[in-house]
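# Observations on chain architecture
What follows is each chain in one-letter form.
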Amino acid sequence: MKTDIEIAQEAKMMPIKDVAAKLGLTEDDLELYGKYKAKISNDYYDKIKNNEDGKLILVTAINPTPAGEGKTTVTVGLGEAFGQLDKKCVIALREPSLGPCFGIKGGAAGGGYAQVVPMEDLNLHFTGDFHAITSANNLCAAMLDNSIKQDNELNIDPEKVVWKRCVDINDRVLRNIIVGRGRDVDGVEREDHFVITVASEIMAILCLANDYADLKDRLGKIIVAYTYDGKPVTAKDIKAVGSMAALLKDAMKPNLIQTLEHTPALVHGGPFANIAHGCNSVRATKTALKMADYVITEAGFGADLGAEKFLDIKCRKAGLKPDAVVLVATVRALKYNGGMPREDLQTEDLDALAKGIVNLEKHIENIQQYDVPVVVTLNQFGTDTDAEIEFVKNFCEERGCEFAPAKVFKDGGKGGIELAEKIIETIETKPSNYHPLYTDDMSIKEKIETVATKIYGADGVTYSDEANEAIAKIEELGFSDCPVCMAKTQYSLSDDKEKLGRPENFTINIREVYMSAGAGFVVAITGTIMTMPGLSKTPAAFGIDLTDDGKITGLF
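### Points about unusual backbone geometry
That bond from Val 117 to Pro 118 is cis: its omega, 5 degrees, falls within 30 degrees of zero. Tracing the chain through its elements places Pro 118 in the loop between β6 (114-117) and α6 (119-123). Look at Asp 151: it is not a glycine, yet its phi comes out positive at around 75 degrees. Within the fold, Asp 151 resides in the loop between α7 (129-149) and β7 (156-161). Non-glycine residue Lys 239 carries a positive phi angle of around 60 degrees. By secondary structure assignment, the location of Lys 239 is in the loop between β13 (232-234) and α10 (241-247).

### Re the packing of aromatic side chains
Per the counting criterion, the structure on display carries one aromatic pair. For the pair Phe 82 and Tyr 294, a centre-to-centre distance of 4.9 Å together with 45 degrees between the ring planes defines the contact as tilted. Note that Phe 82 is positioned in helix α4 (residues 71-84) and Tyr 294 in strand β16 (residues 294-298), a separation of 212 residues in sequence. Tyr 294 shares its class with Phe 82; the two are buried. Positioned above the aromatic ring of Phe 381 is the side chain of Arg 332, whose terminal nitrogen or guanidinium carbon lies 4.6 Å from the ring centre. The ring of Phe 395 carries Arg 399 above its face, with NZ or CZ at 3.5 Å from the centroid.

### What to know about the pattern of salt bridges
Here the structure, examined in full by the defined rule, presents 33 salt bridges. Taking the shortest distance from any N to any O, the salt bridge between Lys 149 and Asp 184 comes out at 3.0 Å. You can see Lys 149 sitting in helix α7 and its partner Asp 184 sitting in the loop between β9 (177-179) and β10 (190-192), a full 35 residues away along the chain. One network of salt bridges, with partners in common, ties together Glu 361, Glu 365, Glu 398, Arg 399 and Arg 502.

### A few points about the environment of Glu 466
Within the element layout of this structure, Glu 466 appears in helix α20 (residues 465-476). For Glu 466, a relative accessible area of 54% gives the class exposed. In this structure the C-alpha to C-alpha distance between Glu 466 and Pro 66, which are 400 residues apart in sequence, comes to 34 Å.

### Notes on the packing of helix α12 (residues 303-318) against helix α19 (residues 444-456)
Two numbers describe how α12 lies on α19: the axes approach to 11 Å, and their chain directions differ by 125 degrees. Compared by their axis directions, α12 and α19 come out oblique. Relative to α19, α12 is oriented so that their crossing is right-handed. In contact with Asp 304, Leu 305 and Glu 308 of α12, α19 contributes Val 451, Ile 455 and Tyr 456. Considered class by class, the residues forming the contact of α12 with α19 number four nonpolar, no polar and two charged.

Rules used in this analysis
- Residues numbered from 1 in each chain as written.
- Predicted model: local features only at pLDDT ≥ 70, side-chain atom pairs only at ≥ 80, totals over all residues.
- Heavy atoms only, no water.
- Helix = DSSP H or I, 4+ residues; strand = E, 2+ residues; numbered from the N terminus.
- Phe/Tyr/Trp six-rings, centres within 6.5 Å; stacked < 30°, edge-to-face > 60°.
- Buried < 20%, exposed > 50% of the residue type's maximum accessible area, 1.4 Å probe, protein only.
- Lys NZ or Arg CZ within 6 Å of the ring centre and 35° of its normal.
- Salt bridge = Lys/Arg side-chain N within 4 Å of Asp/Glu carboxyl O.
- Axes fitted to C-alpha atoms, helices over the stretch in contact; angles between N-to-C directions.
- Parallel < 35°, antiparallel > 145°, perpendicular 65-115°, else oblique.
- Left-handed = near helix turned anticlockwise from the far one by under 90°.
- Contact = heavy atoms within 4.5 Å.
- Nonpolar A, V, L, I, M, F, W, Y, C, P; charged D, E, K, R; others polar.

Shown next, in the form of structure tokens:
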């Protein structure tokens, strides 16, 4: 079979204005970025805001493994399958980060014959949204340091600056740096830090803001530092809000592209799910719901991260109600969770499958806690046997959730028809009674411990002294009613990436806690999770190239 990039580059794309026309958009509703990409204008949502909402379907997955799960592939293929069934459907995805694209994970356009295109554009600069977020973040940092240098009228303590600079590349040497070295005119010397752009609070703000007024209000609430007497200093205090908003003007508009089968796809925003809230923008999701009868969206990494944050942060804040959740697994990944060596995963082994399927079981139980119908799908590989597929099917049905396989990687939309029909049947026969896992009036620690015990399966939570102090400060400032955004490894239900399957007898350690006041949530960092990843010894960047005739190769 051809590589993902070969399939994408051979695709016959439809002009994006024609894709948009299928949904009733005119050229006046679009801001074109060439022939195959467009942003949706600000005026368009006002035209459709009174339309009835379509059905909202969330796609999530088990914990990621080296064996692969294919959550985005299933999301895209499912959208194509709804198209095969002549259903009016829109996909709502996150934008890829350059960090994993040049690192280990690769891009985020799907795979095989279930991809969004133009694939190279999406995985690289796309429409410049991440550049705008990076620029706004770093403008805020520059204005903060300038405020300290120019007589420090706000009484900012340089040792209590909490706003970090960002860049959308894995670059570990920027985690801890010293700025302001040199002459007096070069600024105040202090310790500083970088995060990857997808971990910036501005990314979260862009993805949660409803409009420009909401955007500016949220930007103004960002806590950038504290004074010598412990009072918070905000982006509004350093007069950075207007200029940041100006940089984000176009980035606020959802991007429209297409799948290989011309299903419309809104791809907008891209917070990671292990270090941020992991969902595409509220604006894109709400627009999609007014445009189509079915909206298929995804949340990052496993359901313990992306789905939990989608359900406890995004839906709570945006007033969204999912109608069904699709939980993606592969036979290979389940056997890997059961201890089977990676090189043997193509061999049938029901014992390893039985041991590893407990990871899927926990995720099923977790979604059921939100009272939303669950449909499990196997993203099928050619080496999966009938006995293995039947084992998973029976396992799921015994636990009260529906099951259907997906062959979208190889067959595109046709390979997802059985799954699409099962989802439609589920939505029509099983009502969603969605509710968040915890209430706003619980304390920060109660919220953290609810997620840790009910979602991860931990026995309890421990806190560093720094985390305890930060929580006390956050509650003193009046933010105790905010949801929590847990920063945790994606590879395990625990905070130890080596513990596969369904870990037991463990505690979650909270190392650091900070307030994202503009985003409206409290970030709790567990274990050794990093907000600035590093490159591996053999990063994907080694294999990416540009031919003499301008063709990009090596992306996946």
